[in-house]
Amino acid sequence: MGYFLAPSTSAALSRLAALDAAPGSAPLERLRAIRSLLLELDADPATLVGVRDALRGGADWDEIADAAGLKPAAAKWRWNGTDAEIAARQAAGRKRAARPSAVPTDLPGLSVSEAAAQLGVTAQAIYLKLSRGKLAGRTVELADGRSYKRVFLNDDPNARGDARRDPARLDPAQSVEDNDPTASSPDAP
């Protein structure tokens, strides 16, 4: 080995081949060796050299993508341009991936899905309870124009008095409406 692969990739390939030849190799060691080889191959400069050689030889991005098991746009994103352009694209991609969620975490109350999970109902049931006044809620608008529907349950100081209920006291065999003491009964006059 060693004709076009980087030394670290050749070492990972040799390690995997040795484990393949050993009948009693540990399953986790085989898995680690496979993943290590995949990571080394993906980062190996031989891949980029192969792509550039194929382009000089007349191959187009469709053929390169097919050989790499990618879509043409993905192949271009990985390997099109100079080393500096490729490195800049990859750094930008890592920066985007490391960005925290766009949803703020310091909003008051609960999201609709959090409230639904806490009460054991669907999000649609939460919206219905909000529209009927059974739960307190409001839309919080941020300075940048984004808005979020927030729900306030009984333990929240922003909750309205008529919506205060202890979810721990709800009978799981009944629906939330059946457990609601403020709900009107079909038998009521």
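Residues numbered from 1 in each chain as written. Predicted model: local features only at pLDDT ≥ 70, side-chain atom pairs only at ≥ 80, totals over all residues. Heavy atoms only, no water.

(A) Fine view of the overall build of the protein. When helices and strands are counted, the protein shows nine helices and two strands. Each helix and strand of the protein, placed in order from N terminus to C terminus, yields the pattern α-α-α-α-α-α-α-α-β-β-α. In the protein, buried positions account for 25% of the 189 residues. Carbon and sulfur atoms provide 55% of the accessible area of the protein, an area that totals close to 12,800 Å². (Helix = DSSP H or I, 4+ residues; strand = E, 2+ residues; numbered from the N terminus. Buried < 20%, exposed > 50% of the residue type's maximum accessible area, 1.4 Å probe, protein only. Areas by Shrake-Rupley, 256 points an atom, 1.4 Å probe, with all protein chains shown as cover.)

(B) Summary view of a negative patch on the surface. Among the surface-exposed residues, Asp60, Asp62, Glu63 and Asp66 lie close enough to one another that they form a single negatively charged patch. Within the element layout of this structure, Glu63 appears in helix α4 (residues 61-68). (Patch = residues over 30% accessible without salt bridge, like charges linked within 9 Å, V, L, I, M, F, W, Y side chains within 5 Å. Salt bridge = Lys/Arg side-chain N within 4 Å of Asp/Glu carboxyl O. Lys, Arg positive; Asp, Glu negative; His and termini not counted. Charge placed at Lys NZ, Arg CZ, Asp CG, Glu CD.)

(C) Examining the nonpolar core more closely. The biggest cluster of nonpolar side chains holds nine residues, and these are Val112, Ala115, Ala116, Leu119, Ile126, Leu130, Leu135, Val151 and Leu153. The set of elements that each furnish at least two residues to this core consists of α7 (112-119) and α8 (123-132). Among the elements that take part in this core, α7 stands out by supplying four residues, more than any other. When neighbours within four sequence positions are excluded, Ala115 is seen to be in contact with Leu110, Ile126 and Val151. Ranked by size, the runner-up nonpolar core spans eight residues in total, among them Leu48, Val51, Ile64 and Ile86. (Core = buried A, V, L, I, M, F, W, Y, C linked by side-chain atoms within 4.5 Å. Contact = heavy atoms within 4.5 Å.)

(D) Structural detail: the environment of Leu38. Residue placement: Leu38 occurs in helix α2 (residues 27-43). Note on Leu38: relative accessible area 42%, which makes it partly exposed. Sequence separation between Leu38 and Thr9 is 29 residues, and the spatial gap between their C-alpha atoms is 8.9 Å.

(E) A look at the pattern of salt bridges. Across all of its chains, the model carries five salt bridges by this definition. Here Arg15 makes a salt bridge to Glu29, at a shortest N to O gap of 2.8 Å. Separated by 14 residues along the polypeptide, Arg15 in helix α1 (residues 7-21) and Glu29 in helix α2 bring together distant segments of the chain. Note that Asp42 is salt-bridged to Arg78, the shortest N-O span being 3.2 Å.

(F) Broad picture of the side chain of Thr9. By secondary structure assignment, the location of Thr9 is in helix α1. Of the polar contacts made by the side chain of Thr9, one reaches the backbone oxygen of Glu40; its length is 3.4 Å. Apart from the residues within four sequence positions on either side, Thr9 is in contact with Leu37, Glu40, Leu41 and Asp44. (Polar contact = N/O pair within 3.5 Å; in protein donor to acceptor, adjacent residues only side chain to side chain.)

(G) How the structure looks around the layout of surface pockets. For the largest pocket, the calculated volume is near 280 Å³. Taken together, Asp42, Ala43, Asp44, Pro45, Thr47, Leu48, Trp77, Arg78, Trp79, Ile86, Gln90 and Arg94 make up the lining of the largest pocket. Elements with a contribution of two residues or more to the lining of the largest pocket: α2, α3 (45-56), α5 (72-79) and α6 (83-98). (1 Å grid on protein atoms, 1.4 Å probe; cavity = no way out; pocket = protein on both sides within 12 Å on 5 of 7 lines; lining within 4 Å. Points joined across faces, edges and corners; volume = space filled by probe spheres on them.)

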